[in-house]
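Overview (structure and organization)
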Amino acid sequence: MNYLSTRGATPPLSFRETVLTGLARDGGLFMPETFPCATASLEAWSKLSYPDLAFEIMRLYADDIPADDLRLMIRKSYNTFRSPEVTPSVQLGDLQILELWHGPTLAFKDVALQFLGNLFEYLLAQNKSRLAIVAATSGDTGSAAIDGVRGREGIDIFVMHPKGRVSPMQELQMTTVPDANVHNFAVEGSFDDCQNMVKALFNDHPFRDAHHLGAVNSINWARILAQIVYYFYAAFRAREATGKNRFAFAVPTGNFGDVFAGYAAWRMGLPVERLIIATNENDILTRFFATGVYAPGAAAPTTSPSMDIQVASNFERYLYCRAENNGKTVAAWMKTFATEGRLVPDVPEGKPVEDPVLTAIRVDSQTVAETIRRFACDHCYTLDPHTAIGVRAAQTLYPQPDDRTAVICLATAHPAKFPQTVADATGGAAPTHPILEALRNLPPRVATLPADAEALKAAVGAALAAKDAP
Ligand SMILES: *Cc1c(COP(=O)(O)O)cnc(C)c1O
(Lines give C-alpha, C1' and ligand atoms only; values in the text may rest on other atoms or scores of the structure.)
Protein backbone atom coordinates (compact mmCIF):
# COMPACT_ATOMS: atom_id res chain seq x y z
CA MET A 1 0.00 0.00 0.00
CA ASN A 2 1.26 3.46 -0.92
CA TYR A 3 0.43 6.58 1.05
CA LEU A 4 -0.06 9.99 -0.53
CA SER A 5 -0.26 13.46 0.96
CA THR A 6 -3.66 15.14 0.99
CA ARG A 7 -1.92 18.12 -0.66
CA GLY A 8 -0.53 15.99 -3.45
CA ALA A 9 3.03 17.37 -3.52
CA THR A 10 5.10 14.54 -2.01
CA PRO A 11 6.15 11.21 -3.54
CA PRO A 12 4.28 8.08 -2.37
CA LEU A 13 5.58 6.47 0.83
CA SER A 14 5.34 2.96 2.26
CA PHE A 15 3.45 2.26 5.50
CA ARG A 16 6.70 2.22 7.52
CA GLU A 17 7.83 5.56 6.10
CA THR A 18 4.39 7.05 6.63
CA VAL A 19 4.32 6.09 10.32
CA LEU A 20 7.75 7.56 11.02
CA THR A 21 7.15 10.72 8.94
CA GLY A 22 3.84 11.69 10.59
CA LEU A 23 2.95 14.91 8.79
CA ALA A 24 3.74 15.11 5.05
CA ARG A 25 6.39 17.62 4.01
CA ASP A 26 3.94 19.66 1.97
CA GLY A 27 1.92 20.22 5.16
CA GLY A 28 -0.69 17.59 4.24
CA LEU A 29 -1.78 14.39 5.96
CA PHE A 30 -1.08 10.90 4.65
CA MET A 31 -3.86 8.87 3.07
CA PRO A 32 -3.79 5.33 1.73
CA GLU A 33 -3.95 5.23 -2.05
CA THR A 34 -7.18 3.22 -1.81
CA PHE A 35 -9.47 1.77 0.85
CA PRO A 36 -9.26 -2.02 0.49
CA CYS A 37 -12.66 -3.62 -0.07
CA ALA A 38 -13.68 -5.89 2.82
CA THR A 39 -17.18 -6.84 1.71
CA ALA A 40 -16.23 -10.44 0.93
CA SER A 41 -14.42 -10.83 4.28
CA LEU A 42 -17.19 -9.59 6.60
CA GLU A 43 -18.64 -13.03 7.39
CA ALA A 44 -15.26 -14.55 8.25
CA TRP A 45 -14.16 -11.48 10.19
CA SER A 46 -17.31 -11.52 12.33
CA LYS A 47 -16.08 -14.71 14.04
CA LEU A 48 -12.63 -13.41 15.02
CA SER A 49 -11.31 -12.29 18.39
CA TYR A 50 -10.34 -8.62 18.68
CA PRO A 51 -6.59 -9.18 18.12
CA ASP A 52 -7.22 -11.52 15.19
CA LEU A 53 -9.60 -9.05 13.58
CA ALA A 54 -7.07 -6.25 14.16
CA PHE A 55 -4.46 -8.35 12.35
CA GLU A 56 -6.69 -9.00 9.34
CA ILE A 57 -7.56 -5.31 8.96
CA MET A 58 -4.13 -3.87 9.68
CA ARG A 59 -2.24 -6.17 7.35
CA LEU A 60 -4.17 -4.71 4.42
CA TYR A 61 -2.60 -1.34 5.18
CA ALA A 62 0.70 -2.35 6.84
CA ASP A 63 1.73 -4.69 4.05
CA ASP A 64 5.45 -3.99 4.44
CA ILE A 65 5.59 -5.46 7.96
CA PRO A 66 6.11 -9.24 8.18
CA ALA A 67 2.88 -10.94 9.27
CA ASP A 68 4.38 -12.59 12.37
CA ASP A 69 5.86 -9.31 13.59
CA LEU A 70 2.56 -7.49 13.10
CA ARG A 71 0.65 -10.23 14.91
CA LEU A 72 3.03 -10.06 17.86
CA MET A 73 2.81 -6.25 18.11
CA ILE A 74 -0.97 -6.43 18.11
CA ARG A 75 -1.00 -9.10 20.86
CA LYS A 76 1.38 -7.05 23.02
CA SER A 77 -0.66 -3.89 22.49
CA TYR A 78 -4.00 -5.36 23.56
CA ASN A 79 -2.69 -7.50 26.42
CA THR A 80 -2.52 -4.24 28.41
CA PHE A 81 -6.34 -3.94 28.28
CA ARG A 82 -8.41 -4.98 31.27
CA SER A 83 -11.13 -6.66 29.16
CA PRO A 84 -10.49 -9.86 27.17
CA GLU A 85 -12.75 -8.37 24.50
CA VAL A 86 -10.54 -5.22 24.40
CA THR A 87 -13.52 -3.05 23.35
CA PRO A 88 -16.67 -4.70 24.79
CA SER A 89 -20.19 -3.40 24.12
CA VAL A 90 -23.09 -3.25 26.57
CA GLN A 91 -26.73 -2.87 25.54
CA LEU A 92 -28.66 -0.22 27.48
CA GLY A 93 -32.19 0.36 26.25
CA ASP A 94 -32.02 0.72 22.48
CA LEU A 95 -28.38 1.73 22.44
CA GLN A 96 -25.17 -0.25 22.25
CA ILE A 97 -22.49 1.42 24.35
CA LEU A 98 -19.08 0.59 22.93
CA GLU A 99 -16.66 0.84 25.87
CA LEU A 100 -13.34 1.99 24.47
CA TRP A 101 -11.78 2.85 27.83
CA HIS A 102 -10.45 -0.47 29.12
CA GLY A 103 -6.82 0.45 28.36
CA PRO A 104 -4.15 1.74 30.78
CA THR A 105 -5.19 5.44 30.81
CA LEU A 106 -8.99 4.91 30.69
CA ALA A 107 -9.63 6.70 27.37
CA PHE A 108 -10.20 5.38 23.85
CA LYS A 109 -6.87 6.79 22.72
CA ASP A 110 -5.12 3.80 24.30
CA VAL A 111 -6.51 1.59 21.53
CA ALA A 112 -4.33 3.40 19.00
CA LEU A 113 -1.44 4.55 21.17
CA GLN A 114 -0.59 1.23 22.80
CA PHE A 115 -0.18 -0.10 19.26
CA LEU A 116 1.72 2.95 18.03
CA GLY A 117 4.22 2.68 20.94
CA ASN A 118 5.02 -0.91 19.96
CA LEU A 119 5.16 0.00 16.29
CA PHE A 120 7.57 2.90 16.85
CA GLU A 121 9.88 0.78 19.00
CA TYR A 122 9.89 -1.96 16.36
CA LEU A 123 10.61 0.38 13.45
CA LEU A 124 13.31 2.32 15.31
CA ALA A 125 15.13 -0.86 16.38
CA GLN A 126 15.17 -1.99 12.74
CA ASN A 127 16.36 1.37 11.43
CA LYS A 128 18.80 1.86 14.34
CA SER A 129 17.42 5.38 14.71
CA ARG A 130 15.68 7.45 17.37
CA LEU A 131 12.63 9.65 17.57
CA ALA A 132 11.59 12.80 19.43
CA ILE A 133 7.81 12.75 19.61
CA VAL A 134 6.16 16.15 19.89
CA ALA A 135 2.47 16.14 20.75
CA ALA A 136 -0.32 18.54 21.64
CA THR A 137 -3.08 17.30 23.89
CA SER A 138 -6.49 18.51 24.93
CA GLY A 139 -6.25 15.98 27.76
CA ASP A 140 -6.40 12.33 26.83
CA THR A 141 -3.88 12.01 24.00
CA GLY A 142 -1.09 13.13 26.28
CA SER A 143 -1.45 10.45 28.91
CA ALA A 144 -2.23 7.73 26.36
CA ALA A 145 0.79 8.68 24.23
CA ILE A 146 3.02 8.84 27.29
CA ASP A 147 1.85 5.41 28.43
CA GLY A 148 2.46 4.04 24.93
CA VAL A 149 6.14 5.10 24.85
CA ARG A 150 7.32 5.59 28.46
CA GLY A 151 10.65 3.94 29.14
CA ARG A 152 11.03 2.80 25.52
CA GLU A 153 14.47 2.68 23.92
CA GLY A 154 15.25 5.40 21.35
CA ILE A 155 12.18 7.55 22.04
CA ASP A 156 11.69 10.86 23.85
CA ILE A 157 8.24 12.37 24.15
CA PHE A 158 7.35 16.05 24.60
CA VAL A 159 3.71 16.72 25.44
CA MET A 160 2.06 20.14 25.55
CA HIS A 161 -1.28 20.74 27.21
CA PRO A 162 -3.15 24.06 27.54
CA LYS A 163 -2.36 25.24 31.05
CA GLY A 164 -5.33 24.89 33.42
CA ARG A 165 -7.63 23.62 30.66
CA VAL A 166 -7.27 19.88 31.16
CA SER A 167 -8.95 18.13 34.09
CA PRO A 168 -6.82 17.79 37.25
CA MET A 169 -6.93 14.01 36.81
CA GLN A 170 -5.78 14.23 33.21
CA GLU A 171 -2.92 16.47 34.29
CA LEU A 172 -1.81 14.03 37.00
CA GLN A 173 -1.91 11.16 34.53
CA MET A 174 0.68 12.97 32.41
CA THR A 175 2.87 14.70 34.92
CA THR A 176 3.34 11.91 37.48
CA VAL A 177 4.97 9.49 35.03
CA PRO A 178 8.55 9.15 36.34
CA ASP A 179 10.36 7.90 33.20
CA ALA A 180 13.22 10.13 32.04
CA ASN A 181 12.08 10.05 28.39
CA VAL A 182 8.81 11.86 29.28
CA HIS A 183 8.72 15.71 29.15
CA ASN A 184 5.56 17.71 29.98
CA PHE A 185 4.85 21.35 29.13
CA ALA A 186 1.92 23.46 30.32
CA VAL A 187 1.37 26.05 27.57
CA GLU A 188 -0.09 29.47 28.32
CA GLY A 189 -2.75 29.24 25.60
CA SER A 190 -5.45 27.03 24.10
CA PHE A 191 -5.25 23.53 22.63
CA ASP A 192 -5.22 25.10 19.17
CA ASP A 193 -2.12 27.10 20.16
CA CYS A 194 -0.46 23.83 21.23
CA GLN A 195 -1.42 22.17 17.96
CA ASN A 196 -0.08 25.12 15.95
CA MET A 197 3.23 24.91 17.82
CA VAL A 198 3.54 21.24 16.86
CA LYS A 199 2.80 22.09 13.23
CA ALA A 200 5.40 24.89 13.29
CA LEU A 201 8.07 22.44 14.48
CA PHE A 202 7.18 19.96 11.75
CA ASN A 203 7.24 22.68 9.11
CA ASP A 204 10.76 23.76 10.19
CA HIS A 205 12.44 21.04 8.11
CA PRO A 206 16.03 21.56 9.38
CA PHE A 207 14.83 21.33 13.00
CA ARG A 208 12.62 18.38 12.17
CA ASP A 209 15.48 16.47 10.54
CA ALA A 210 18.10 17.36 13.16
CA HIS A 211 15.95 16.01 15.99
CA HIS A 212 14.08 13.16 14.18
CA LEU A 213 10.66 14.50 15.06
CA GLY A 214 7.78 12.04 15.15
CA ALA A 215 4.02 12.50 15.56
CA VAL A 216 1.53 10.70 17.76
CA ASN A 217 -1.38 13.06 17.19
CA SER A 218 -4.12 11.60 15.09
CA ILE A 219 -2.43 13.05 12.02
CA ASN A 220 -0.43 9.79 12.24
CA TRP A 221 -2.12 7.27 9.95
CA ALA A 222 -1.31 4.33 12.26
CA ARG A 223 -3.69 5.79 14.84
CA ILE A 224 -6.59 5.99 12.43
CA LEU A 225 -5.78 2.46 11.28
CA ALA A 226 -5.94 1.01 14.80
CA GLN A 227 -9.29 2.71 15.34
CA ILE A 228 -10.89 1.27 12.20
CA VAL A 229 -10.82 -2.14 13.92
CA TYR A 230 -13.40 -1.41 16.63
CA TYR A 231 -16.00 -0.15 14.17
CA PHE A 232 -16.03 -3.61 12.60
CA TYR A 233 -15.78 -5.39 15.95
CA ALA A 234 -18.66 -3.40 17.47
CA ALA A 235 -20.84 -3.85 14.40
CA PHE A 236 -20.41 -7.64 14.58
CA ARG A 237 -21.30 -7.64 18.29
CA ALA A 238 -24.32 -5.38 17.68
CA ARG A 239 -25.55 -7.71 14.97
CA GLU A 240 -25.31 -10.66 17.37
CA ALA A 241 -27.21 -8.72 20.04
CA THR A 242 -29.96 -7.25 17.86
CA GLY A 243 -30.10 -9.19 14.59
CA LYS A 244 -29.86 -5.83 12.79
CA ASN A 245 -27.53 -5.59 9.88
CA ARG A 246 -27.00 -1.86 9.42
CA PHE A 247 -25.21 0.37 11.87
CA ALA A 248 -25.20 3.96 13.06
CA PHE A 249 -22.29 5.19 15.17
CA ALA A 250 -22.40 8.23 17.44
CA VAL A 251 -18.86 9.59 17.77
CA PRO A 252 -17.88 12.30 20.30
CA THR A 253 -15.65 14.38 18.05
CA GLY A 254 -12.80 16.85 18.43
CA ASN A 255 -9.98 16.38 15.98
CA PHE A 256 -12.09 14.21 13.63
CA GLY A 257 -9.67 11.27 13.96
CA ASP A 258 -12.06 8.79 15.52
CA VAL A 259 -14.96 9.55 13.19
CA PHE A 260 -12.61 9.41 10.21
CA ALA A 261 -11.72 5.84 11.20
CA GLY A 262 -15.45 5.10 10.99
CA TYR A 263 -15.56 6.77 7.59
CA ALA A 264 -12.71 4.49 6.47
CA ALA A 265 -14.63 1.44 7.77
CA TRP A 266 -17.61 2.54 5.66
CA ARG A 267 -15.41 3.00 2.61
CA MET A 268 -14.09 -0.54 3.18
CA GLY A 269 -17.64 -1.89 2.96
CA LEU A 270 -19.01 -2.02 6.51
CA PRO A 271 -22.79 -1.36 6.16
CA VAL A 272 -22.78 2.01 7.94
CA GLU A 273 -26.07 3.88 7.81
CA ARG A 274 -24.89 7.02 9.67
CA LEU A 275 -21.80 8.38 11.35
CA ILE A 276 -22.92 11.03 13.81
CA ILE A 277 -20.30 13.69 14.43
CA ALA A 278 -21.25 14.74 17.96
CA THR A 279 -19.65 18.03 19.05
CA ASN A 280 -19.79 20.28 22.09
CA GLU A 281 -20.05 24.09 21.89
CA ASN A 282 -16.80 24.10 19.91
CA ASP A 283 -18.86 23.28 16.89
CA ILE A 284 -16.87 24.16 13.78
CA LEU A 285 -17.87 20.78 12.29
CA THR A 286 -21.56 21.18 13.05
CA ARG A 287 -21.50 24.64 11.50
CA PHE A 288 -19.72 23.29 8.45
CA PHE A 289 -22.35 20.63 7.84
CA ALA A 290 -25.12 23.19 8.39
CA THR A 291 -23.71 25.96 6.17
CA GLY A 292 -20.87 24.65 4.00
CA VAL A 293 -18.47 27.13 5.61
CA TYR A 294 -15.52 25.77 7.56
CA ALA A 295 -14.37 28.62 9.81
CA PRO A 296 -13.07 28.46 13.39
CA GLY A 297 -14.58 30.47 16.21
CA ALA A 298 -12.87 31.15 19.54
CA ALA A 299 -12.19 27.97 21.53
CA ALA A 300 -14.53 27.87 24.53
CA PRO A 301 -13.82 25.74 27.62
CA THR A 302 -16.59 23.14 28.22
CA THR A 303 -17.20 20.13 30.47
CA SER A 304 -15.84 17.88 27.69
CA PRO A 305 -12.30 19.30 27.43
CA SER A 306 -10.96 16.58 25.12
CA MET A 307 -13.27 17.98 22.45
CA ASP A 308 -12.46 21.67 22.97
CA ILE A 309 -10.96 21.97 19.53
CA GLN A 310 -11.74 24.47 16.81
CA VAL A 311 -9.57 23.33 13.93
CA ALA A 312 -10.02 19.59 13.45
CA SER A 313 -6.78 18.33 11.84
CA ASN A 314 -8.25 15.21 10.31
CA PHE A 315 -10.99 17.12 8.53
CA GLU A 316 -8.44 17.57 5.76
CA ARG A 317 -8.61 13.81 5.17
CA TYR A 318 -12.35 14.13 4.59
CA LEU A 319 -11.80 17.08 2.24
CA TYR A 320 -9.39 14.89 0.28
CA CYS A 321 -12.13 12.28 -0.12
CA ARG A 322 -14.59 14.98 -1.19
CA ALA A 323 -12.04 16.17 -3.75
CA GLU A 324 -11.81 12.59 -5.09
CA ASN A 325 -8.15 12.35 -4.06
CA ASN A 326 -7.14 15.51 -5.90
CA GLY A 327 -4.30 16.94 -3.78
CA LYS A 328 -4.11 20.15 -5.81
CA THR A 329 -7.71 20.96 -4.97
CA VAL A 330 -7.15 20.30 -1.26
CA ALA A 331 -3.93 22.35 -1.26
CA ALA A 332 -5.87 25.29 -2.76
CA TRP A 333 -8.65 24.96 -0.16
CA MET A 334 -6.15 24.80 2.70
CA LYS A 335 -4.30 27.80 1.31
CA THR A 336 -7.54 29.79 1.36
CA PHE A 337 -8.15 28.57 4.89
CA ALA A 338 -4.67 29.72 5.99
CA THR A 339 -4.99 33.16 4.40
CA GLU A 340 -8.69 33.94 4.89
CA GLY A 341 -9.47 31.89 8.00
CA ARG A 342 -12.37 30.12 6.29
CA LEU A 343 -12.96 27.70 3.48
CA VAL A 344 -15.92 26.57 1.41
CA PRO A 345 -15.12 23.38 -0.52
CA ASP A 346 -17.22 21.95 -3.36
CA VAL A 347 -20.56 22.94 -1.79
CA PRO A 348 -23.00 25.83 -2.14
CA GLU A 349 -22.41 28.35 0.65
CA GLY A 350 -25.27 28.76 3.13
CA LYS A 351 -26.84 25.33 2.42
CA PRO A 352 -26.56 22.11 4.45
CA VAL A 353 -23.76 19.86 3.18
CA GLU A 354 -24.94 16.61 1.60
CA ASP A 355 -23.03 13.54 2.64
CA PRO A 356 -24.01 9.87 2.25
CA VAL A 357 -23.04 8.98 5.85
CA LEU A 358 -21.97 11.97 7.91
CA THR A 359 -24.36 13.99 10.08
CA ALA A 360 -23.19 16.54 12.68
CA ILE A 361 -25.04 17.37 15.90
CA ARG A 362 -24.07 19.85 18.62
CA VAL A 363 -24.79 19.20 22.29
CA ASP A 364 -24.18 21.91 24.89
CA SER A 365 -22.82 21.46 28.42
CA GLN A 366 -26.20 21.80 30.12
CA THR A 367 -27.64 19.05 27.94
CA VAL A 368 -24.59 16.93 28.74
CA ALA A 369 -25.34 17.16 32.45
CA GLU A 370 -29.00 16.32 31.83
CA THR A 371 -28.03 13.30 29.73
CA ILE A 372 -25.62 11.98 32.37
CA ARG A 373 -28.33 12.32 35.02
CA ARG A 374 -31.06 10.71 32.94
CA PHE A 375 -28.84 7.81 31.89
CA ALA A 376 -27.82 7.16 35.50
CA CYS A 377 -31.51 7.04 36.51
CA ASP A 378 -32.74 4.98 33.56
CA HIS A 379 -29.90 2.49 33.29
CA CYS A 380 -27.77 2.75 36.46
CA TYR A 381 -24.85 3.46 34.16
CA THR A 382 -22.47 6.41 34.46
CA LEU A 383 -21.52 8.20 31.24
CA ASP A 384 -18.49 10.45 31.02
CA PRO A 385 -19.26 13.91 29.58
CA HIS A 386 -17.77 13.12 26.15
CA THR A 387 -19.71 9.89 25.82
CA ALA A 388 -22.85 11.73 26.92
CA ILE A 389 -22.52 14.04 23.92
CA GLY A 390 -22.58 11.06 21.58
CA VAL A 391 -25.47 9.43 23.43
CA ARG A 392 -27.54 12.60 23.25
CA ALA A 393 -26.76 13.08 19.58
CA ALA A 394 -27.81 9.46 18.92
CA GLN A 395 -31.09 9.99 20.80
CA THR A 396 -31.71 13.13 18.75
CA LEU A 397 -31.23 11.41 15.40
CA TYR A 398 -32.90 8.14 16.45
CA PRO A 399 -35.68 9.10 18.88
CA GLN A 400 -37.41 5.75 18.16
CA PRO A 401 -35.80 2.33 17.76
CA ASP A 402 -35.04 1.67 14.12
CA ASP A 403 -36.09 -1.70 12.68
CA ARG A 404 -32.96 -2.38 10.73
CA THR A 405 -30.27 -0.09 12.19
CA ALA A 406 -28.37 -0.81 15.41
CA VAL A 407 -27.25 2.41 17.09
CA ILE A 408 -23.78 2.22 18.62
CA CYS A 409 -22.45 4.98 20.89
CA LEU A 410 -18.70 5.20 21.31
CA ALA A 411 -17.84 5.54 25.01
CA THR A 412 -14.56 7.41 24.76
CA ALA A 413 -13.53 7.80 28.43
CA HIS A 414 -14.19 6.31 31.85
CA PRO A 415 -16.30 8.71 33.96
CA ALA A 416 -13.70 8.76 36.75
CA LYS A 417 -11.51 10.91 34.50
CA PHE A 418 -14.07 13.72 34.94
CA PRO A 419 -15.31 13.18 38.50
CA GLN A 420 -16.50 16.72 39.21
CA THR A 421 -18.60 17.13 36.09
CA VAL A 422 -20.23 13.76 36.64
CA ALA A 423 -20.92 14.39 40.35
CA ASP A 424 -22.40 17.82 39.53
CA ALA A 425 -24.67 16.19 36.96
CA THR A 426 -25.93 13.27 39.03
CA GLY A 427 -25.88 14.96 42.44
CA GLY A 428 -24.26 11.74 43.69
CA ALA A 429 -20.76 10.68 44.61
CA ALA A 430 -17.89 11.37 42.24
CA PRO A 431 -16.94 8.26 40.24
CA THR A 432 -13.51 6.84 41.05
CA HIS A 433 -11.10 4.34 39.57
CA PRO A 434 -8.18 2.70 41.42
CA ILE A 435 -5.75 3.55 38.59
CA LEU A 436 -6.48 7.24 39.13
CA GLU A 437 -6.60 7.13 42.92
CA ALA A 438 -3.06 5.74 42.91
CA LEU A 439 -1.77 8.96 41.25
CA ARG A 440 -2.93 11.40 43.87
CA ASN A 441 0.19 11.52 46.00
CA LEU A 442 2.83 11.22 43.29
CA PRO A 443 5.09 14.21 42.56
CA PRO A 444 4.28 16.01 39.24
CA ARG A 445 6.96 17.00 36.70
CA VAL A 446 5.96 19.84 34.33
CA ALA A 447 7.44 23.06 32.92
CA THR A 448 5.47 26.13 31.81
CA LEU A 449 5.91 27.49 28.27
CA PRO A 450 4.52 30.56 26.46
CA ALA A 451 2.38 29.83 23.37
CA ASP A 452 5.38 30.30 21.10
CA ALA A 453 6.96 27.72 18.77
CA GLU A 454 10.45 29.19 19.27
CA ALA A 455 10.22 28.59 23.02
CA LEU A 456 9.21 25.00 22.34
CA LYS A 457 12.11 24.48 19.93
CA ALA A 458 14.52 25.78 22.56
CA ALA A 459 13.08 23.51 25.25
CA VAL A 460 13.13 20.40 23.03
CA GLY A 461 16.66 21.16 21.82
CA ALA A 462 17.92 21.67 25.38
CA ALA A 463 16.34 18.47 26.72
CA LEU A 464 17.80 16.36 23.89
CA ALA A 465 21.23 18.00 24.22
CA ALA A 466 21.24 17.27 27.95
CA LYS A 467 20.63 13.58 27.14
CA ASP A 468 23.44 13.49 24.61
CA ALA A 469 25.91 15.06 27.03
CA PRO A 470 28.22 12.41 28.55
C1 LIG B 1 -9.78 12.67 22.01
C2 LIG B 1 -11.11 12.45 22.57
C3 LIG B 1 -12.27 12.68 21.80
C4 LIG B 1 -12.22 13.23 20.39
O5 LIG B 1 -11.65 12.32 19.46
P6 LIG B 1 -11.11 12.86 18.05
O7 LIG B 1 -10.48 11.68 17.41
O8 LIG B 1 -10.11 13.93 18.37
O9 LIG B 1 -12.26 13.40 17.30
C10 LIG B 1 -13.49 12.38 22.38
N11 LIG B 1 -13.60 11.93 23.64
C12 LIG B 1 -12.51 11.71 24.40
C13 LIG B 1 -12.69 11.23 25.80
C14 LIG B 1 -11.24 11.95 23.91
O15 LIG B 1 -10.16 11.73 24.66
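Refer to the structure presented above.
First, a word on what this report is: a plain description of the structure on this page. For clarity, every value in this text was computed on a predicted model and none was experimentally measured. One numbering rule holds for all chains: residues counted from 1, following each sequence as written. Note on the predicted model: pLDDT of at least 70 is required for a residue's local features to be given, and 80 or more for side-chain atom pairs to be given and counted; whole-chain, interface and lining totals, by contrast, use all residues. Side-chain measures here rest on the full set of heavy atoms in the structure, leaving out hydrogens and waters.

1. Focus: the overall build of the protein
- Looking only at helices and strands, the protein features 19 helices and 13 strands.
- Its C-alpha radius of gyration of 21 Å places the protein within 12% of the 23 Å reference for a compact globule of 470 residues.
- Overall, the C-alpha framework of the protein stretches about 65 × 50 × 50 Å when taken along its three principal axes.
- Exposed residues in this analysis have more than 50% of their type's maximum accessible area, buried residues have under 20%, and partly exposed residues fall in between, with area computed by a 1.4 Å probe over protein chains only. Burial status across the protein gives 61% buried among its 470 residues.
- Throughout, a contact is declared for two residues whenever any of their heavy atoms are within 4.5 Å. Contacts spanning at least 24 positions in sequence make up 76% of the contacts within the protein whose residues lie at least 6 apart.
- To measure how exposed things are, a 1.4 Å probe is used in the Shrake-Rupley method; for residues, cover is taken only from the protein chains shown. Accessible area of the protein: about 17200 Å², with a carbon and sulfur share of 52%.
- Charge assignment: positive for Lys and Arg, negative for Asp and Glu; neither His nor the chain ends contribute. Note on charges: their place is set at NZ of Lys, CZ of Arg, CG of Asp or CD of Glu. Of the side chains in the protein, 42 bear a positive and 50 a negative charge, and the two mean positions are spaced by 1 Å. Only DSSP runs of H or I covering at least 4 residues are called helices, and only runs of E covering at least 2 are called strands; the numbering of each starts at the N terminus. Throughout, radius of gyration means the C-alpha value; the globule benchmark is 2.2 Å times the number of residues raised to the power 0.38.

2. Details of the nonpolar core
- Of all hydrophobic cores here, the largest spans 111 residues; its most connected members are Ile 228, Phe 232 and Phe 249.
- Top element by residues in this core is helix α10 (residues 221-242). It accounts for 15 residues.
- Contact partners of Phe 232, with chain neighbours within four places excluded, come to Leu 42, Trp 45, Leu 53, Ile 57, Ala 265, Met 268 and Leu 270.
- Residues grouped as a nonpolar core are buried Ala, Val, Leu, Ile, Met, Phe, Trp, Tyr and Cys residues, joined through side-chain atoms within 4.5 Å. Counting residues in hydrophobic clusters, the runner-up holds 28 residues, among them Val 134, Phe 158, Val 187 and Ala 463.

3. Remarks on the site of the ligand
- Consider each residue's heavy atoms; a residue with any of them within 4 Å of a molecule or strand counts as near. Taken together, 15 residues lie around the ligand, and Lys 109, Asp 140, Gly 254, Asn 255 and Asp 258 are the ones closest in.
- In protein, a polar contact means a hydrogen-donor-capable atom and an acceptor-capable atom, both N or O and within 3.5 Å, with residues adjacent in sequence counting only if both atoms are side-chain atoms; elsewhere, any N or O pair within 3.5 Å suffices. With respect to the ligand, the side chain of Asp 140 contributes an N or O atom lying 2.5 Å from an oxygen atom.
- Within the contact set of the ligand, an oxygen atom lies 3.3 Å away from a backbone nitrogen or oxygen of Gly 257.
- Classification used: nonpolar for Ala, Val, Leu, Ile, Met, Phe, Trp, Tyr, Cys and Pro, charged for Asp, Glu, Lys and Arg, polar for all others including Gly. Residues that form the shell around the ligand fall into these classes: five nonpolar, seven polar and three charged.

4. Let's talk about the packing of aromatic side chains
- Stacked, tilted and edge-to-face are the three classes applied to pairs of Phe, Tyr and Trp rings, where Trp contributes its six-membered ring and a pair requires centres within 6.5 Å; stacked means planes under 30 degrees apart, edge-to-face means over 60, and tilted covers the rest. Following the criterion strictly, the structure yields 24 aromatic pairs and no others.
- Where Trp 45 meets Phe 232, the ring centres are 5.4 Å apart and the plane angle is 80°; that geometry is what we call edge-to-face. Of this pair, Trp 45 sits in helix α2 (residues 42-45) while Phe 232 sits in helix α10, and the two are 187 residues apart along the sequence.
- The buried category is assigned to Trp 45, whose relative accessible area is 6%.
- Look at Phe 232 and you get buried, because its relative accessible area is 0%.

5. Side note on the sheet that holds strand β6 (residues 155-162)
- Ordered in space as β8-β5-β6-β7-β13, the five strands form an open sheet in which the pairing is parallel. Each edge of the open sheet is held by one strand with a lone partner, namely β8 (213-214) and β13 (447-450).
- Where β6 meets strand β7 (residues 182-188), six bridges bridge the pair, whose relative direction is parallel. Following the sheet pairing, His 161 is matched in β7 by Ala 186.
- Note on geometry: axes are lines fitted to C-alpha atoms, helical ones only across the stretch in contact, with angles between N-to-C directions running from 0 to 180 degrees. On the sheet, helix α19 (residues 453-468) packs against β5 (131-136), β6, β7 and β13 and is oriented at approximately 150° with respect to β6. Only when DSSP finds a minimum of two bridges between them are two strands counted as paired.

6. A look at helix α12 (residues 284-291)
- Considered for burial, the residues of α12 that qualify are Ile 284, Leu 285, Thr 286, Phe 288 and Phe 289.
- Residues of α12 that are buried make contact with β10 (272-279), α13 (315-322) and β11 (358-362).
- Gly 292 occupies a position one or two residues after α12 and carries a positive phi of about 80°.

7. Structural notes on the environment of Val 422
- You can see Val 422 is positioned in helix α17 (residues 419-426).
- By relative accessible area, Val 422 is classed as buried at 1%.
- Residues Val 422 and Arg 373 lie 49 residues apart in sequence; the distance between their C-alpha atoms is 8.4 Å.

8. Notes on helix α16 (residues 385-397)
- How far a helix is expected to stretch is found by multiplying one less than its residue total by 1.5 Å. Given a rise of 1.5 Å per residue, 13 residues ought to cover 18 Å, and the 19 Å separating the end C-alpha atoms of α16 matches this to within 8%.
- Counting buried positions along α16 yields ten of 13 residues, so the element is predominantly enclosed.
- Of all the residues in α16, the buried ones are Pro 385, His 386, Thr 387, Ala 388, Ile 389, Gly 390, Val 391, Arg 392, Ala 393 and Ala 394.

9. Focus: the sheet that holds strand β12 (residues 405-411)
- Pairing in this open sheet of six strands is mixed, and the strands run β3-β4-β12-β9-β10-β11 from one edge to the other. Two strands bound the open sheet, and with one partner strand each, they are β3 (89-92) and β11. Each adjacent strand pair in this sheet contributes to an overall mean axis angle of 25°, direction not counted.
- With four bridges joining them, β3 and strand β4 (residues 95-99) adopt antiparallel strand pairing. Bridged to Gln 91 within β4 is Gln 96.
- Each of β9 (246-252), β10, β11 and β12 is contacted by helix α11 (residues 257-268), which is oriented at about 170° to β10, the strand it contacts most.

10. Here we look at unusual backbone geometry
- Backbone geometry at Val 86 places phi at a positive 65°, although glycine is not the residue there.
- Locating Val 86 in the fold gives a position in the loop between α4 (67-79) and β3.
- In this structure, Leu 106 is a non-glycine residue whose phi angle is positive, near 70°.
- By secondary structure assignment, the location of Leu 106 is in the loop between β4 and α5 (109-127).

11. A few points about the packing of helix α15 (residues 365-379) against α17
- Viewed as axis vectors pointing N to C, α15 and α17 meet at an angle of 70°, and their least axial separation amounts to 8 Å. Taken together, the axis directions place α15 and α17 in an arrangement best described as roughly perpendicular. In this structure, the crossing between α15 and α17 has a hand that is right-handed. Contacts from Ala 369, Ile 372, Arg 373 and Ala 376 of α15 reach α17 at Val 422, Ala 425 and Thr 426.
- Across the contact of α15 with α17, the residue classes break down as five nonpolar, one polar and one charged. Throughout this description, any angle smaller than 35 degrees is read as roughly parallel, any larger than 145 degrees as roughly antiparallel, any in the 65 to 115 degree range as roughly perpendicular, and the remainder as oblique. Should the near helix be turned counterclockwise from the far one by less than a right angle, the crossing is left-handed, whereas a clockwise turn marks it as right-handed.

12. Here's the deal with the side chain of Gln 96
- In this structure, Gln 96 sits in strand β4.
- A distance of 3.4 Å separates polar atoms of two side chains, one belonging to Gln 96 and the other to Gln 91.
- What Gln 96 contacts, discounting residues up to four positions off in sequence, is Val 90, Gln 91, Ala 238, Ala 241, Thr 242, Val 407, Ile 408 and Cys 409.

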